[in-house]
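Tertiary structure, described
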Amino acid sequence: MNRQELQASIDAALTIGILWLDVCRKAHAGRLVIEGLKLFVPSGCSGLLRIRMAHLDRAAAKWELYELEERDDDLRRVEVFDRGNIATRLVRCSDDEHVRSRFAGPINLVRSMMPESEVAVLSPVEIAFRCQGLEFARAHLSADPGPVASFPELGFGVGAGQRRLDDSSLESFQQLVRSIGEVRHADGPRECRWWRLHPERWLESLVIRDISALDSQLDPRWCYSQVPAFSASDRAMIDVLTLTRESRLAILELKADEDIHLPLQGIDYWSRVAWHHERGEFHKFGYFAGRELSPQLPLLLMVAPALRVHPATDTLLRYISPDIEWALLGIDERWRKQLKVVFRKHSTKGKEDAQASQLLWLPDAERSSHVNQLSKVM
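Here goes a summary of the coordinates provided. Keep in mind the model is a prediction, meaning the values are calculated, not measured. (Residues numbered from 1 in each chain as written. Predicted model: local features only at pLDDT ≥ 70, side-chain atom pairs only at ≥ 80, totals over all residues. Heavy atoms only, no water.)

**Here we look at the side chain of Ser294**
Position of Ser294 among the secondary structure elements: in the loop between α9 (281–284) and β13 (299–305). Look at Ser294 and you get buried, because its relative accessible area is 11%. Within the local environment of Ser294, its side chain forms a polar contact with the backbone nitrogen of Gln296, the two atoms lying 3.2 Å apart. Those residues within four positions of Ser294 in sequence are excluded, and the remaining contacts are Glu246, Ser247, Arg248 and His277. (Helix = DSSP H or I, 4+ residues; strand = E, 2+ residues; numbered from the N terminus. Buried < 20%, exposed > 50% of the residue type's maximum accessible area, 1.4 Å probe, protein only. Polar contact = N/O pair within 3.5 Å; in protein donor to acceptor, adjacent residues only side chain to side chain. Contact = heavy atoms within 4.5 Å.)

Here is the structure:
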């Protein structure tokens, strides 16, 4: 990848590289040994790639990452398996009850028009109103020009075209709420934009409402959506962060449509949660208050409609580190009507066979060591 590429394209290169590696191995099986993958990216652009490569299976392939400074052709190898430093920071969890009481006026107004509307606390000074995940209004604290005080200000609209709610715009707001509410439901008209917009947010709203529908081991009492875990280069938003009934952290990555990058995006979020968990930062920042968390590594649950799981997903999952316990949940295509899992795939199923078949690239001594470890497990 060169400097002219977008950062998103650079970050996506690992997915394509793994698939190309797998194709080459199959094409040359029995004739050549394809030992691994080398990625070359512009200087200063490898942060996310390093995190993802650090959590790939070292027994499956040899992974190497290089940064190239194009101005002087300086090539530097990046150590990808040093997991001691991840550029991520957790945002403090807001006190939802306190924030909702602060915004009681706007909440009462919106719910008088749409009783089923969802209220999402974005920060101590801002909330959002949604209908099946579709955001149509926000309220934030605005400084009063008179006394030193703050009062909630409501803005409405979908997308960039937001308007401030006042007497002159109240009728427009009522019309927007009514038009969204009439179509944003499972049996609504599919051709309408209000029905089609933001399907992943729609799926997320259903998961938050009944997370145990995905897995009975998930604890519905602890469920955080869109958890910010920022770094210097991106604003990672974890779809859903929850606990099992045994207090083990679980990350849910949701997709409503095909996404070839689902497994590696899951790695990214899993690594951030594992990093903060190891340092005890979830309690420090107000998450899971009063609940003692299990010291186990988090679970990674990837959720998508069964017919919209990308065909390359199985290939990519085979190269994930065995340290990450993952599950792929395929849900019924009619998930808007009922959230129902129709198939599950787990990381432990057939893992030993997969590892044994992918050791060919290793030197003899290291291969023998891995085979011995596998034989003990089997």
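**Re unusual backbone geometry**
The phi torsion at Asp73 lies on the positive side, around 60 degrees, for a residue other than glycine. On the secondary structure map, Asp73 appears in the loop between β2 (62–69) and β3 (74–78). For Asp73, a relative accessible area of 61% gives the class exposed. Backbone geometry places Gln132, a non-glycine residue, at a positive phi of 50 degrees.

**Quick notes on the nonpolar core**
A general tendency of soluble globular proteins is for nonpolar side chains to be buried together. One finds Leu14, Ile18, Trp63, Leu241, Phe282 and Phe288 to be the most contacted residues of the largest nonpolar core, which totals 52 residues. If we ignore the near neighbours within four places in the chain, the residues touching Ile18 are Leu37, Leu56, Trp63, Leu264, Leu316 and Tyr319. Counting residues in each nonpolar core, the second largest holds 46 residues, with Phe173, Val183, Leu203 and Val303 among its members. (Core = buried A, V, L, I, M, F, W, Y, C linked by side-chain atoms within 4.5 Å.)

**Structural notes on the side chain of Thr313**
Take Thr313: it is sitting in helix α10 (residues 313–317). Those residues within four positions of Thr313 in sequence are excluded, and the remaining contacts are Pro263 and Leu328.

**What to know about the pattern of salt bridges**
Summed over all chains, the structure comprises 25 salt bridges. The shortest N-O distance in the salt bridge between Asp219 and Arg291 comes to 3.1 Å. Remark: Arg291 occurs in the loop between α9 and β13 and Asp219 occurs in strand β10 (residues 218–230); sequence separation between them is 72 residues. As far as burial versus exposure is concerned, Asp219 and Arg291 are alike and both buried. (Salt bridge = Lys/Arg side-chain N within 4 Å of Asp/Glu carboxyl O.)

**Remarks on the sheet that holds strand β1 (residues 36–42)**
Pairing within the open sheet is mixed, and its three strands lie in the order β1-β2-β3. The open sheet has two free edges, formed respectively by β1 and β3, since each of these has just one partner strand. For this sheet the average axis-to-axis angle between neighbouring strands, irrespective of direction, equals 25 degrees. As paired strands, β2 and β3 are joined by five bridges and run antiparallel to one another. Each bridged residue has a counterpart across the sheet, and for Leu68 the counterpart in β3 is Leu75. (Pairing = 2+ DSSP bridges. Axes fitted to C-alpha atoms, helices over the stretch in contact; angles between N-to-C directions.)

**Some points on the packing of aromatic side chains**
Enumeration over the complete set of coordinates arrives at ten aromatic pairs. Summarising the aromatic geometry, the rings of Phe282 and Tyr287 are spaced 5.9 Å apart at their centres and angled 85 degrees between planes, so their arrangement reads as edge-to-face. Neither residue differs from the other here; Phe282 and Tyr287 are each classed as buried. Put simply, the rings of Trp222, Tyr224, Phe282, Tyr287 and Phe288 pair up and form one aromatic cluster. The ring of Trp194 carries Arg193 above its face, with NZ or CZ at 4.5 Å from the centroid. It is Arg336 that lies over the ring of Trp195; its NZ or CZ is 4.2 Å from the centre. (Phe/Tyr/Trp six-rings, centres within 6.5 Å; stacked < 30°, edge-to-face > 60°. Lys NZ or Arg CZ within 6 Å of the ring centre and 35° of its normal.)

**Quick word on the environment of Ile211**
Secondary-structure assignment places Ile211 in the loop between α7 (199–209) and β10. Under the relative-accessibility criterion, Ile211 is labelled buried at 1%. Considered as a pair, Ile211 and Thr242 are 31 residues apart in the sequence and their alpha carbons are 8.9 Å apart. With residues near it in sequence (within four places) discarded, Ile211 still touches Leu218, Asp219, Pro220, Cys223, Val240, Thr242 and Leu252.

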